[in-house]
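Structural features, examined
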Amino acid sequence: MADTENHARLRKAMSPAFSPRALASQEPILQHNVELYLNKLQDHATNGLQLDLRLWYNYVTLDMIGDLAFGESFGCLDSSGFHAWAQFVTVVNFSHWSADFLPERWLEEDPQFATDVKEAFQPFSVGPQSCVGKKFAYDSMNIILARTLWRFDMKLESACKEKYSQPQVPYVSIH
Ligand code: HEM
């Protein structure tokens, strides 16, 4: 990890790549990957298959990052699977987040979460080392979700109708 001085220098060098103008200029790369993702889902929908959408959200976001950071997609969407390197990154960095995924925390219906201080939830952190990719992340999530809902009707499979916090298979079918 960089010391404070080098961190500030590196962050300053990186920041222009995350400005609203830079992000707008990269939108075609995002849209291209989202188009590929939608077409892949369409193929599966046509075949009547159930899907684990978590995988597909990972594929499209990883391919976007590959395109933007390395000038080359990881090819997760093309192969409908994780690139070996992408799988490594996912396992190391993200698996502990999904274990704590409790969406009902935010629905304000379940009393067990009533005393949660929701404002303390800062997934992008705060301060001088906070996430520089926050706007990019929100832009990508908004585009992916909006275009998914625009294109498809989705149905949660009956096996997933338990409370979110129960072990479940998060499969949907799309129509
Ligand atoms: C939902 C998606 C994301 C979440 C929740 C997230 C969260 C975070 C958090 C918590 C940190 C601070 C880590 C620390 O304190 O050491 C961070 C740093 C960082 N993130 Fe993200 N991030 C996300 C997406 C992205 C994306 C899409 C990019 C780039 C395209 C990105 C680039 C970075 C960079 C470069 C840093 C280091 C910033 C610095 O050290 O000054 N992040 N992220």
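Residues numbered from 1 in each chain as written. Predicted model: local features only at pLDDT ≥ 70, side-chain atom pairs only at ≥ 80, totals over all residues.

Observations regarding the overall build of the protein chain
Here is the rule: The numbering of helices and of strands both runs from the N terminus, where a helix is a DSSP run of H or I of at least 4 residues and a strand a run of E of at least 2. A residue is called partly exposed when the number of other C-beta atoms within 10 Å of its own lies between 12 and 20, exposed at 12 or fewer, and buried at 20 or more, with C-beta atoms placed from the backbone. By the criterion used throughout, residues are in contact when their C-beta atoms, derived from the backbone, lie within 7 Å.
Looking only at helices and strands, one finds seven helices and three strands in the protein chain. The order of α-helices and β-strands along the protein chain, N terminus first, is α-α-α-β-α-α-α-α-β-β. Taking all 175 residues of the protein chain together, 11% fall into the buried category. Intrachain contacts of the protein chain at a sequence separation of at least 6 include 52% that bridge at least 24 residues.

Let's talk about the site of the ligand
Using the following cut-off: Nearness rests on one distance test: the residue's C-beta atom, set from the backbone, must lie within 6 Å of the molecule or strand. In the scheme used here, Gly and all other residues not listed as nonpolar or charged are polar, with Ala, Val, Leu, Ile, Met, Phe, Trp, Tyr, Cys and Pro taken as nonpolar and Asp, Glu, Lys and Arg as charged.
The immediate surroundings of the ligand are formed by Arg11, Ile65, Pro123, Phe124, Ser125, Gln129, Ser130, Cys131, Val132, Gly133, Phe136 and Ala137. The residue makeup of the shell around the ligand, split by class, is seven nonpolar, four polar and one charged.

Describing the environment of serine 79
With respect to the secondary-structure elements, serine 79 resides in helix α5 (residues 76-79). Owing to 10 C-beta atoms within 10 Å, serine 79 belongs among the exposed residues under this scheme. With 20 residues separating them along the chain, serine 79 and tyrosine 59 place their C-alpha atoms 9.6 Å apart.

Brief notes about the nonpolar core
Where we set the bar: Each nonpolar core reported here comprises buried Ala, Val, Leu, Ile, Met, Phe, Trp, Tyr and Cys residues connected via C-beta atoms within 7 Å.
Counting 14 residues, the largest nonpolar core has Val34, Tyr37, Trp56, Tyr59, Val60, Cys76 and Leu77 as its most contacted members. Among the elements of the structure, α3 (27-46), α4 (53-70) and α5 are those that each provide at least two residues to this core.

What to know about the packing of α3 against α4
When two helices pack together, their arrangement is given by the angle between the helix axes and by the axis-to-axis distance. Using the following cut-off: Helix axes use the C-alpha atoms of the stretch in contact, all axes being lines fitted to C-alpha atoms, and the angles between their N-to-C directions lie in the range 0 to 180 degrees. Every angle not falling under 35 degrees, over 145, or within 65 to 115 is termed oblique; those three ranges are roughly parallel, roughly antiparallel and roughly perpendicular. By definition, any crossing whose near helix is turned counterclockwise from its far helix by less than a right angle is left-handed, and any crossing with a clockwise turn is right-handed.
For the pair α3 and α4, the least separation of the axes is 9 Å and the interaxial angle reads 150°. As far as their axial angle goes, α4 and α3 are roughly antiparallel. Our pair here, α3 against α4, has a crossing hand that is right-handed. Where α3 abuts α4, its residues Ile29, Leu30, Asn33, Val34, Tyr37 and Leu41 lie against Trp56, Tyr59, Val60, Asp63, Met64, Asp67 and Leu68. Split by residue class, the contact of α3 with α4 holds 10 nonpolar, one polar and two charged.

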